[in-house]
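# Chains, contacts and geometry: an overview
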Amino acid sequence: MKTKIIPMDEKHIDKEALKEAGKIIQSGGLVAFPTETVYGLGGDALNEESSGRIYQAKGRPSDNPLIVHIYRMEDLYPIVEQVPETARKLADAFWPGPLTMILPKSDIVPRATTGGLDTVAVRMPMHKVALAFIEAAGGYVAAPSANRSGKPSPTLAKYVAEDMDGRIEMIIDGGENRIGLESTIVDLTEGIPMILRPGYITKEMLEEVLGEVRVDKTVLDNCSGQPPKAPGMKYRHYAPKGELTIIGGPQERVVDEINRRTKRMKEKGEKVGVIGTDDTVSGYLADSVKSAGDRKEEATIAKALYRILREFDEEGVTVIYSESFDASEENGIGQAIMNRLLKAAGHHLEQI
Ligand code: AMP
Ligand code: MG
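Residues numbered from 1 in each chain as written. Chains lettered and ligands numbered in written order. Predicted model: local features only at pLDDT ≥ 70, side-chain atom pairs only at ≥ 80, totals over all residues. Heavy atoms only, no water.

This part is about the overall build of the chain. Helix and strand counts for the chain come out as nine helices and 16 strands. Each principal axis of the C-alpha distribution contributes one length, and for the chain these read about 60 × 50 × 40 Å. Evaluated residue by residue, the chain yields a buried proportion of 57% over its 352 residues. Excluding contacts between residues fewer than 6 apart, the proportion of contacts in the chain whose partners are at least 24 apart in sequence is 69%. (Helix = DSSP H or I, 4+ residues; strand = E, 2+ residues; numbered from the N terminus. Buried < 20%, exposed > 50% of the residue type's maximum accessible area, 1.4 Å probe, protein only. Contact = heavy atoms within 4.5 Å.)

The next subject is the packing of aromatic side chains. Here the structure, examined in full by the defined rule, presents two aromatic pairs. Ring centres of Phe33 and Phe133 lie 4.8 Å apart, and the angle between their planes is 40°; this geometry places the pair in the tilted category. Highlighted residues: Phe33 in strand E2 (residues 31-33) and Phe133 in helix H4 (residues 128-136), separated in sequence by 100 residues. Taking the relative accessible area as the measure of exposure, Phe33 reaches 0% and is therefore buried. (Phe/Tyr/Trp six-rings, centres within 6.5 Å; stacked < 30°, edge-to-face > 60°.)

At a minimum axis distance of 9 Å, the contact between helix H8 (residues 298-315) and helix H9 (residues 334-344) shows a crossing angle of 20°. It follows from the interaxial angle that H8 and H9 lie roughly parallel. The crossing of H8 and H9 is left-handed. Here Glu298, Ile301, Ala302, Leu305, Tyr306 and Leu309 of H8 lie close against H9, whose contacting residues are Gly334, Ile337, Arg340, Leu341 and Ala344. When its residues are assigned to classes, the contact of H8 with H9 shows eight nonpolar, one polar and two charged. (Axes fitted to C-alpha atoms, helices over the stretch in contact; angles between N-to-C directions. Parallel < 35°, antiparallel > 145°, perpendicular 65-115°, else oblique. Left-handed = near helix turned anticlockwise from the far one by under 90°. Nonpolar A, V, L, I, M, F, W, Y, C, P; charged D, E, K, R; others polar.)

The end-to-end C-alpha separation of helix H1 (residues 15-26) is 16 Å, in line with the 16 Å expected for twelve residues at 1.5 Å each. For H1, the set of buried residues is Ala17, Leu18, Ala21, Gly22, Ile24 and Ile25. Mapping the buried residues of H1 onto a view down its axis gives an arc of 155°, with all of them on the same face. Looking at H1, the residues exposed on the side facing more than 90 degrees away from the buried face are Lys15, Glu16 and Lys23. (Expected span 1.5 Å × (residues − 1). Arc of directions from axis to C-beta.)

With that settled, consider unusual backbone geometry. Apart from glycine, the bulk of residues carry a negative phi angle, and the bulk of peptide bonds sit in the trans form. Look at the link from Trp95 to Pro96: it is a cis peptide, with omega at -5°. Along the polypeptide, Pro96 turns up in the loop between helix H3 (85-94) and strand E5 (99-104). Phi at His347 takes a positive value of approximately 65°, unusual for a residue other than glycine. Tracing the sequence through the fold places His347 in the loop between H9 and strand E16 (349-351).

Position of Ile195 relative to the elements: it lies in strand E10 (residues 194-197). The spacing of Ile195 and Asp216 is 21 residues in sequence and 5.9 Å in space, taken between C-alpha atoms. Beyond its immediate stretch of four places on either side in the chain, Ile195 contacts Thr184, Ile185, Val186, Lys203, Leu206, Val213, Arg214, Val215, Asp216 and Val219.

With that settled, consider the sheet that holds strand E9 (residues 184-187). Strands pair in a sheet through their backbones, by hydrogen bonds, and they do so in one of two ways: parallel or antiparallel. Taking strand neighbours across the sheet as the criterion, the eleven strands line up as E1-E8-E2-E3-E7-E4-E6-E5-E9-E10-E11 in an open arrangement whose pairing is mixed. Looking at the sheet topology across the chains shown, the edges are occupied by strand E1 (4-7) and strand E11 (214-215). Relative to E11, E10 runs parallel, the two being bridged by two bridges. Within the sheet, the bridge partner assigned to Met194 lies in E11 and is Arg214. In the packing of H1 onto the sheet, contacts are made with E1, E2, strand E3 (40-44) and strand E8 (170-173), and the angle to E8 comes to roughly 140°. H3 rests against E5 and E9 of the sheet, and its axis sits at about 160° to E5. (Pairing = 2+ DSSP bridges.)

For the rest of this paragraph, the subject is the pattern of salt bridges. In the structure shown here, the tally under the stated rule is 27 salt bridges. Ionic pairing is found between Glu16 and Lys19, a salt bridge with its closest N-O pair at 3.7 Å. Taken together, the positions of Glu16 and Lys19, both in helix H1 and three residues apart, correspond to about one turn of that helix. Of the residues examined, Glu16 reaches a relative accessible area of 55% and is grouped as exposed. Of the charged contacts in the structure, one is a salt bridge between Arg214 and Glu212, with a shortest N-O distance of 3.3 Å. Here Glu212 falls in the partly exposed class, since its relative accessible area comes to 45%. Each of the salt bridges in this network shares a partner with another, and the network as a whole consists of Glu176, Lys290, Arg307, Glu311 and Glu315. (Salt bridge = Lys/Arg side-chain N within 4 Å of Asp/Glu carboxyl O.)

Function cannot be read off these values alone, since they describe shape.
Written as structure tokens, this is what we have:
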């Protein structure tokens, strides 16, 4: 299959190209598209064969459910059993935007889309190309991140192409995603709302709207033996090809420790990459040193993380060291950053 790549930015929506993209979805095909979080791999959410094709293209285990994307609020009602007050409030506050809600599904959503579950994950993204594409596609687009299973989520169309070329009909190239980490997932199906995956919409922001919100224990802990509530979170994820270790501790000591390890690894013939921050990058000795951004502006770090992991892959880096980030609950998206980084490192974090 030849994969067509169509450039499109939010200021210049190409209606003709979107009509073609919509037709692909309605006839059971797949289109990757930009959102504000990461690139999505879209298929018709109400067609079980399309969902099957998404799993196949990603190489994803089929018990790992997909997120259903909508472009207007009224389309939520047909796909869920009921819309609780909590969901209405969150939609008012954060949709369109980087928030996914888990709700009891209705009969029209096939189990192939929900990984066999009776619940469905729903999001209304904010990216204008995404919204126009979902509308052209008939209103319900199932889309996980557009990477091959296990790899870092793509935040640029060239990384979608690397993973999906020849496997899907079209890629809509909207440039670099603004946020760079996947949506916050909140489960509204049981008593107190529970964050299953942290993201740009933080616990604090949700609590302002809902009152008490909990965070699934497996978000930062390895908790072996305890399955996470979002089935996808149990799989190895976001992993670069190089062996990644996170080193936590006081900044100066971390730089020294990473340099000591870098030297040792280089002597063994490894190609070493380091993820530092604006304040520290000039102090590292590795083959490839990248700043994730400014610690005072954690959004910059969220945006850069997956791109950096992909760049290390491109450069053939075999060993990676990363600084650690503050994952305390009060610290906004630090929790989302550490959740992804820990998974990318197979939970290999050393405190010094
Ligand atoms: P991705 O879009 O690639 O980030 O994957 C979707 C994520 O949403 C995975 O981690 C899924 O496990 C999670 N998810 C989707 N539907 C549900 C659901 N019904 N219940 C819990 N988690 C879900
Ligand atoms: Mg994913």
